[in-house]
Structures are given as C-alpha cells and as structure tokens.
Amino acid sequence: MSETVSAEQSVVDFWFDPTCPYAWATSRWMLEVEKVRNVKTNWHVMSLAVLNEGRDELPEDYKNHLKTAWGPVRVIIKAAQEHGDEVIGKLYTAMGTLIHQDKVEDRDEVVRRALEIVGLPAELANVAHTDEVDEALRASHADGISRVGQDVGTPVVAFNGTAFFGPVITRVPKGEDAGEFFDAAVKLASFPHFFEIKRSRTESPVTEL
C-alpha cells in the first residue's frame, strides 16, 4: 500500500536498487523536486541482481557486486511487509547514505546500521541471506521494469501514467532547477513516440551530497 497523498498532489513512483549510484543521484533529485513541485514520491524496490540474472558476459567484478546486492533489497522488502511502505524511503536514504556517501562496502554492515538509524528491529537483517522474500522482491522489480522494458536499468520513474528509465544524472539539481528538469523529463517521456536521448558519460555520480 502506498503512502497517503493529498488530493492536490501528483504521485511519482520510483524504483531503485540501493547499491546503484545513478539511482541514488536521481533519487536525491526527486527529493529536491518535492520541495518545488506538488508531487509525492512513492518508493519501490527493483533489483540489479534480478535484472542481470543469466548475463554471463558481465565483468567479474560486477558479478561480485551483484552477489552482495541481494541483501539490502531483501531487507527493505521484509521491512515494508512488516512495518508498512512508509519505511521504504527511509531505509533507502539510510542505506544509500552509508553506501554512496560514507563508502561502507560491507553490505551486512550497511543493513545493520541502516536498520538502527531508521529504528527498525535488528532481526530484519536475517532475511538478507535467504530467499524468503524473493517472490515479493521479483514482483516489485517486475512491476517497475515492465513499464519500460528489459533493456534498461535502475532507476525507473513513473508519473501520470508515463514511465521512463532515468534520468541518469551525475549531479543533483537544486531548487527551481530541479523542478524545471523534472518538467522537461516528464514532457519528453509523455510523448508516446519518444524513446531515447543519450550521450556518453564523462564522469561518475557525485554522491557526496
């Protein structure tokens, strides 16, 4: 169940994997958008590990990364099941801060500390290395990815019936710049025959916000 929003607010649905630095930058942009546009972000889990299943051509270091990416998303799913969807965004912010800003590499430590920060039971971490919630995780992932197709990644953003991958950004716009960027992204994506605009990335996301 999504969080309650006022009748005047528009809802943005945002699918993320907490280990993805690009999703992190885009998610922080959405928080800036909320300050200058009457929108509410509902957070949903998708999984880079699920997305890349069976892709043997991936670099070995990225395969190793994907092995560690299961734990955080499983814990978020379990936390939402037991404590409501409102904890999803809070856990994402806690985990993302630890991963992308504090550079904590041990995902078990990330999970443990994030649960403590948000004030959730420590035993939720037990699900990180089991498949207990994988059916629900895959369902959440499929809900997001089905809106944009299999040839994309995280994040997926849906607004007023329009969904798109990205936008992929490396710096977070602030203030009215964030709002105007949001308006432009929604306008582009709302045209049913628009599919892609892209250029080569020249830098990694600046995650120390």
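Note: the structure precedes this text.
Residues numbered from 1 in each chain as written. Predicted model: local features only at pLDDT ≥ 70, side-chain atom pairs only at ≥ 80, totals over all residues. Heavy atoms only, no water.

The end-to-end C-alpha distance of helix α1 (residues 21-36) is 24 Å, a good match for the 22 Å that 16 residues give at a rise of 1.5 Å each. By the burial criterion, the buried members of α1 are Tyr-22, Ala-23, Trp-24, Ala-25, Thr-26, Ser-27, Arg-28, Trp-29, Met-30, Glu-32 and Val-33. (Helix = DSSP H or I, 4+ residues; strand = E, 2+ residues; numbered from the N terminus. Expected span 1.5 Å × (residues − 1). Buried < 20%, exposed > 50% of the residue type's maximum accessible area, 1.4 Å probe, protein only.)

Phe-16, Trp-29, Met-30, Leu-91, Met-95 and Phe-182 are the most contacted members of the largest nonpolar core, which totals 61 residues. Those residues in contact with Leu-91 that lie beyond four places of it in its chain are Ile-76, Ala-79, Ala-114, Leu-115, Val-118 and Leu-120. (Core = buried A, V, L, I, M, F, W, Y, C linked by side-chain atoms within 4.5 Å. Contact = heavy atoms within 4.5 Å.)

In a regular helix each residue adds 1.5 Å, so 16 residues correspond to 22 Å; helix α4 (residues 86-101) covers 23 Å between its end C-alpha atoms and thus fits that length. Every buried residue belonging to α4 is among Val-87, Ile-88, Gly-89, Leu-91, Tyr-92, Ala-94, Met-95, Gly-96, Leu-98, Ile-99 and His-100, and all of these are buried. Along its buried surface, α4 packs onto β1 (10-16), α1, β2 (39-45), α3 (60-83) and α5 (107-118). Phi for Lys-103, located one or two positions after α4, is positive at around 60°.

Before going further, it helps to examine the packing of aromatic side chains. Tallied over the full model, the rule gives 8 aromatic pairs. Here the aromatic rings of Trp-29 and Phe-182 are separated by 6.1 Å at their centres, their planes lie at 50°, and the arrangement is tilted. Placement of Trp-29 in helix α1 and of Phe-182 in helix α7 (residues 175-190) is noted, with a sequence separation of 153 residues between them. Given the relative accessible area of 4%, Phe-182 is considered buried. Consider the rings of Phe-159 and Phe-182, whose centres lie 5.1 Å apart with planes at 80°: the pair is edge-to-face. (Phe/Tyr/Trp six-rings, centres within 6.5 Å; stacked < 30°, edge-to-face > 60°.)

Strands sit in the order β2-β1-β3-β4 across an open sheet of 4 strands; the sheet is mixed. Across the chains shown, the open sheet's two edge strands, defined by having one partner strand only, are β2 and β4 (162-165). Taking the axes of each pair of neighbouring strands and ignoring which way they run, one obtains an average angle of 20° across the sheet. Two elements, strand β3 (residues 156-159) and β4, share 4 bridges in a ladder whose sense is antiparallel. Note that in β4 the partner of Val-156 across the bridge is Phe-165. The strands touched by helix α6 (residues 134-145) are β1, β2 and β3; relative to β2, the strand with the most contacts, the crossing angle is about 130°. (Pairing = 2+ DSSP bridges. Axes fitted to C-alpha atoms, helices over the stretch in contact; angles between N-to-C directions.)

Now for the pattern of salt bridges. Pairs can form between side chains of opposite charge once their charged atoms are near each other. For the coordinates displayed, the defined rule picks out 9 salt bridges. For Arg-37, the salt bridge is made with Asp-183, and the minimal N-O distance between the two is 2.8 Å. Residue Arg-37 is found in the loop between α1 and β2, and its partner Asp-183 is found in helix α7; the two are separated by 146 residues along the sequence. Asp-183 gets classed as partly exposed once you look at its relative accessible area, which sits at 37%. Put simply, Glu-53 and Arg-138 hold a salt bridge, and the shortest N to O gap is 2.7 Å. On the criterion of sequence distance, the pair formed by Glu-53 in the loop between α2 (48-51) and α3 and Arg-138 in helix α6 is long-range, its members being 85 residues apart. Arg-138 gets classed as partly exposed once you look at its relative accessible area, which sits at 33%. One network of salt bridges, with partners in common, ties together Arg-37, Glu-176 and Asp-183. (Salt bridge = Lys/Arg side-chain N within 4 Å of Asp/Glu carboxyl O.)

Another point: the pairing of β1. Along a regular strand, successive side chains alternate from one face of the sheet to the other. Most of β1 sits inside the fold, with 5 of its 7 residues counted as buried. Pairing of β1 with β2, which is carried by 7 bridges, proceeds in the parallel orientation. Paired with Phe-16 across the strands is Val-45, a residue of β2. A crossover links β1 with its parallel partner β2, the connecting element being α1, and its sense is right-handed. (Right-handed = clockwise from strand over helix to strand, strands pointing away.)

Position of Phe-165 among the secondary structure elements: in strand β4. Beyond its immediate sequence surroundings of up to four residues, Phe-165 is in contact with Val-148, Val-152, Gly-153, Thr-154 and Pro-155.

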